[in-house]
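# Examining the three-dimensional arrangement
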Amino acid sequence: MQIGFTLPQMGALANEAARAARFAAEAERLGADSLWVGDRMLAPVNPSVGYMGGDGIPEVFHSVLDPFALMSAAAAVTERVRIGSNVLNAPWYPPALLARSLTTIDQISGGRLIAGFGTGWSPEEYQAAGVPMPQRGARLDECLDVLFSWWSENPVEHHGEHWSVPASRVNVKSVQRPRPPVHLAAFSPAALRRVARRADGWLPVHVPGASGFDPAALNGTMAEIRRHAAEAGRDPAELGAVLRINPVSPENLDETVETIKRAQAETEIDHVFVELMNLAKDVDQALEFAEQVLRLARG
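Every value quoted in this text rests on a predicted model; they were computed, and no experiment measured them.

Let us look at the side chain of Glu275. Secondary-structure assignment places Glu275 in the loop between strand 13 (271–274) and helix 9 (283–298). The exposure class assigned to Glu275 is buried, which follows from its relative accessible area of 9%. Within the local environment of Glu275, its side chain forms a polar contact with the side chain of Thr6, the two groups lying 3.3 Å apart. Setting aside chain neighbours within four positions, we find Glu275 in contact with Thr6, Arg244, Ile245, Asn246 and Pro247.

What follows is the structure, encoded as structure tokens:
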């Protein structure tokens, strides 16, 4: 089982930006397999849609660092860990700019990027990005079109409903060939079919302290994705999953470790990462929690 952790990006950890590189290097030394970022732009005062079906926005989202800068910093000071996003809200970004940033991170890391994308849930964030939220699914598909072209073709050219890229020479490609692995967050039937058709893997989530871990649900959804992949003419065995574990408090250490062990024993998932934003007030606490998880999960 590969075990990763989020970089110091959100909540109190966002005040530790100057120590983010130290966290990345030390987490790698402790034995972490991957380091991850998320993508929050705003914490609306009066949100029209709350987080995870609630009424408000958690305080940890009041302080957020830029995901691209953090991935670059982590890539520059590590040698082995994968550098992942779970998730970048792809419809917010002009795909040519997104492609340039992610290609640069894959180059800096020597080919360790995992590109995870989603569409987000906040209407206010879409308003701030200047992107119509009802177009988010179509824009994600078009963004993937541009990214796949950017990483595999030269010249690159795209003319779509939402973006155009005139025929252009792009000589800097990703280190990973034919491209970095792309994973998608998905819960709706349409989104799961997109994973099956277009991605290398799925990005499920479990919240220790809020709900019980259900391996059958994960296995069932993964079977559904692979069934759709076979119908689309793909090899279902090529698709994987990375499980995000998001504990609600430090008291969920035992549940977090148990989730990792049960995922290894009862599902096909072989890569998990632990979200640290609710667990630590500073980098030292985050590293202490990461060390405990690695020690207890690997026995």
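Next comes the rest of the account.
This next bit is on the environment of His183. Turning to its location among the elements, His183 is positioned in strand 8 (residues 182–184). By relative accessible area, His183 is classed as buried at 9%. A sequence separation of 59 residues divides His183 from Val242, and the C-alpha atoms of the two residues are 8.2 Å apart. Leaving out residues up to four positions away in the same chain, His183 has contacts with Ile114, Ala115, Gly116, Phe117, Asp200, Gly201, Trp202, Leu203 and Val242.

Attention shifts here to the side chain of Arg179. Among the structural elements, Arg179 can be located in the loop between strand 7 (164–168) and strand 8. Only 2.6 Å separates the side chain of Arg179 from the side chain of Asp200, close enough to count as a polar contact. Once you skip the residues sitting within four places of it in the chain, Arg179 turns out to touch Phe148, Trp151, Ser174, Arg198 and Asp200.

On to the pattern of salt bridges, then. Going through the model one piece at a time under the given rule, you end up with 15 salt bridges. Two residues, Asp200 and Arg179, come together in a salt bridge whose shortest N-O distance is 2.6 Å. You can see Asp200 sitting in the loop between helix 6 (189–198) and strand 9 (201–202) and its partner Arg179 sitting in the loop between strand 7 and strand 8, a full 21 residues away along the chain. In this structure, Arg226 engages Glu268 in a salt bridge whose closest nitrogen and oxygen atoms are separated by 2.3 Å. With Arg226 in helix 7 (residues 215–231) and Glu268 in the loop between helix 8 (253–266) and strand 13, this pair connects stretches of sequence that are 42 residues apart. Judged by its relative accessible area of 18%, Arg226 is buried. When salt bridges that share partners are traced, they join Glu16, Arg19, Arg22 and Asp284 into one network.

Before going further, it helps to spend a moment on the packing of helix 2 (residues 67–77) against helix 3 (residues 95–109). Relative placement of two packed helices is described by the angle separating their axes and the distance separating the axes. Contact geometry of helix 2 with helix 3 gives a least axis separation of 8 Å together with a crossing angle of 15°. The orientation of helix 2 relative to helix 3 falls into the category roughly parallel. Crossing of helix 2 over helix 3 shows left-handed handedness. Each of Phe68, Met71, Ser72, Ala75 and Ala76 in helix 2 lies in contact with helix 3, whose residues at this interface are Leu98, Ser101, Leu102, Ile105, Ile108 and Ser109. A per-class count over the contact of helix 2 with helix 3 returns 8 nonpolar, 3 polar and no charged.

A separate point is the pairing of strand 2 (residues 34–37). Burial along strand 2 is two-sided: the residues Ser34 and Trp36 and Leu35 and Val37 are all buried. Relative to strand 2, strand 1 (residues 2–6) runs parallel, the two sharing 3 bridges. Among the inter-strand pairings, Thr6 is bridged to a residue of strand 2, identified as Trp36. Running through helix 1 (residues 20–30), the crossover from strand 1 to the neighbouring parallel element strand 2 is right-handed. Crossover handedness for the path strand 2 to helix 2 to strand 3 (residues 82–85): right-handed.

Taken as a whole, this structure holds 6 aromatic pairs when the rule is applied. With 4.6 Å between their ring centres and 10° between their planes, Trp36 and Phe273 make a pair best called stacked. Of the two residues, Trp36 sits in strand 2 while Phe273 sits in strand 13, which places them 237 residues apart along the sequence. Judged by relative accessible area, Phe273 falls into the buried class, the value being 0%.

As a further point, take the packing of helix 1 against helix 2. At a minimum axis distance of 8 Å, the contact between helix 1 and helix 2 shows a crossing angle of 50°. The orientation of helix 1 relative to helix 2 falls into the category oblique. The element helix 1 and its partner helix 2 pack so that their crossing is right-handed. Seen from helix 1, the contacting residues are Ala20, Ala21, Ala24 and Ala25; seen from helix 2, they are Leu70, Ala74 and Val77. Here the residues of the contact of helix 1 with helix 2 are counted per class, giving 7 nonpolar, no polar and no charged.

Calculation criteria
Residues numbered from 1 in each chain as written. Predicted model: local features only at pLDDT ≥ 70, side-chain atom pairs only at ≥ 80, totals over all residues. Heavy atoms only, no water. Helix = DSSP H or I, 4+ residues; strand = E, 2+ residues; numbered from the N terminus. Buried < 20%, exposed > 50% of the residue type's maximum accessible area, 1.4 Å probe, protein only. Polar contact = N/O pair within 3.5 Å; in protein donor to acceptor, adjacent residues only side chain to side chain. Contact = heavy atoms within 4.5 Å. Salt bridge = Lys/Arg side-chain N within 4 Å of Asp/Glu carboxyl O. Axes fitted to C-alpha atoms, helices over the stretch in contact; angles between N-to-C directions. Parallel < 35°, antiparallel > 145°, perpendicular 65-115°, else oblique. Left-handed = near helix turned anticlockwise from the far one by under 90°. Nonpolar A, V, L, I, M, F, W, Y, C, P; charged D, E, K, R; others polar. Pairing = 2+ DSSP bridges. Right-handed = clockwise from strand over helix to strand, strands pointing away. Phe/Tyr/Trp six-rings, centres within 6.5 Å; stacked < 30°, edge-to-face > 60°.

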